[in-house]
Amino acid sequence: FAWTSIRRIESRTSNGTVCMASALNKTEQVEACRRNQPNLATDGKTWQWKRDIAERQDGALRVNVTDCDELLEATDDYCSFDREPVERFTADMKANGGDFTLAFWVKPLGEISLAPDGRFLPSVHFLSTVSPPFANLAFGPFVSGGNGEARMRSGCTGPAEDNSVVDSEEIEMSKASTTDWTFIAISKNNKLHTTQPSGTARASVATNLGRFTEGQGAWDMC
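Okay, so let's go over this structure. (Residues numbered from 1 in each chain as written. Predicted model: local features only at pLDDT ≥ 70, side-chain atom pairs only at ≥ 80, totals over all residues. Heavy atoms only, no water.)

Quick look at the nonpolar core now. Most often, soluble globular proteins have nonpolar side chains that are buried together. In this structure, Phe139, Ala150, Met152, Ile171, Ile184, Ile186 and Val205 are the most contacted members of the largest nonpolar core, which totals 16 residues. Among the secondary structure elements, those contributing two or more residues to this core are strand S1 (100-106), strand S3 (134-140), strand S4 (149-152), strand S6 (182-189) and strand S7 (201-207). The dominant element in this core, judged by the number of residues it contributes, is S1, at three residues. Sequence-distant contacts of isoleucine 186, defined by excluding residues within four places in its chain, comprise Phe100, Thr101, Leu102, Leu137, Phe139, Ala150, Met152, Ser204 and Val205. Grouped together as the second largest cluster of nonpolar side chains are eleven residues, Val18, Val65, Cys68 and Leu71 included. (Core = buried A, V, L, I, M, F, W, Y, C linked by side-chain atoms within 4.5 Å. Buried < 20%, exposed > 50% of the residue type's maximum accessible area, 1.4 Å probe, protein only. Helix = DSSP H or I, 4+ residues; strand = E, 2+ residues; numbered from the N terminus. Contact = heavy atoms within 4.5 Å.)

Turning our eyes to something else, we now look at the pattern of salt bridges. Under the criterion given, the structure shown has seven salt bridges. Here arginine 34 and aspartate 69 are joined by a salt bridge, their closest N and O atoms 3.1 Å apart. Taken together, the positions of arginine 34 in helix H1 (residues 26-36) and aspartate 69 in helix H3 (residues 68-74) put the pair 35 residues apart, joining distant regions of the chain. Between arginine 83 and glutamate 87 there is a salt bridge; the shortest N-O distance is 3.1 Å. (Salt bridge = Lys/Arg side-chain N within 4 Å of Asp/Glu carboxyl O.)

Turning next to helix H4 (residues 83-95). In this model H4 runs 19 Å from its N-terminal to its C-terminal C-alpha over 13 residues, within 8% of the 18 Å that 1.5 Å per residue would give. The opening residue of H4, the one whose side-chain oxygen lies 3.1 Å from the backbone nitrogen of glutamate 84, is aspartate 82. (Expected span 1.5 Å × (residues − 1). Polar contact = N/O pair within 3.5 Å; in protein donor to acceptor, adjacent residues only side chain to side chain.)

As a further point, take helix H2 (residues 46-54). Turning to H2, its buried residues number three or more, namely Thr46, Trp47, Gln48, Trp49 and Asp52. Here the buried face of H2 lies against H1, strand S2 (124-129), S3 and S4.

Pairing between the strands of a sheet comes from backbone hydrogen bonds, and it takes one of two forms, parallel or antiparallel. Pairing within the open sheet is antiparallel, and its four strands lie in the order S2-S3-S4-S5. Both outer strands of the open sheet, S2 and strand S5 (169-172), are each paired with one neighbouring strand and no more. Between one strand axis and the next, the sheet turns by 10° as a mean value, whatever way the strands run. Summarising the sheet, S2 and S3 pair through five bridges and their orientation is antiparallel. Bridge pairing links leucine 127 to alanine 135 in S3. (Pairing = 2+ DSSP bridges. Axes fitted to C-alpha atoms, helices over the stretch in contact; angles between N-to-C directions.)

Right, here's the structure in full:
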């Protein structure tokens, strides 16, 4: 477990909160952000972050981690997580051909957590790097999924925007409860592309309210 107890993640800014690994220093991260500013158009990763930002549903919020002042304000030292189990999870995933399952529970904190139309649209980016920003996995209210969707990508794909390269995959999510806990499990079976005749990896997003499964690109999970 990255967190060994239930964590209430407080809203540090109107756009959300950033939680970092316990070994990371907030001041150093902001300094790295400032150093990367001249490279935002060429670092090979920020363009994918900007695409995700641009493809949010109306009213959906997101901390802009390329804005160093906003990153500083949004980072909460008290929601830091243990880095070691995350590193073990990553090593196990690579050893298993890119297969993984990530599961957790989410619950809104009343009306403050709801969208203007009354829906609860939980939104999280799991960043492998902050500057430049790169999310191997994210879920939230993107425009291509009415109730939200999970997005997966690998650092091995898409060093630059190229429509001929499959650099991300999306799986629609079920609607989350506006009053109670919602269980979310995101899984990828990457080894299917080498063990099955179809050669297609598959991914799914399951909640206590439903499940969606789709074919996916087969990537090395970098």
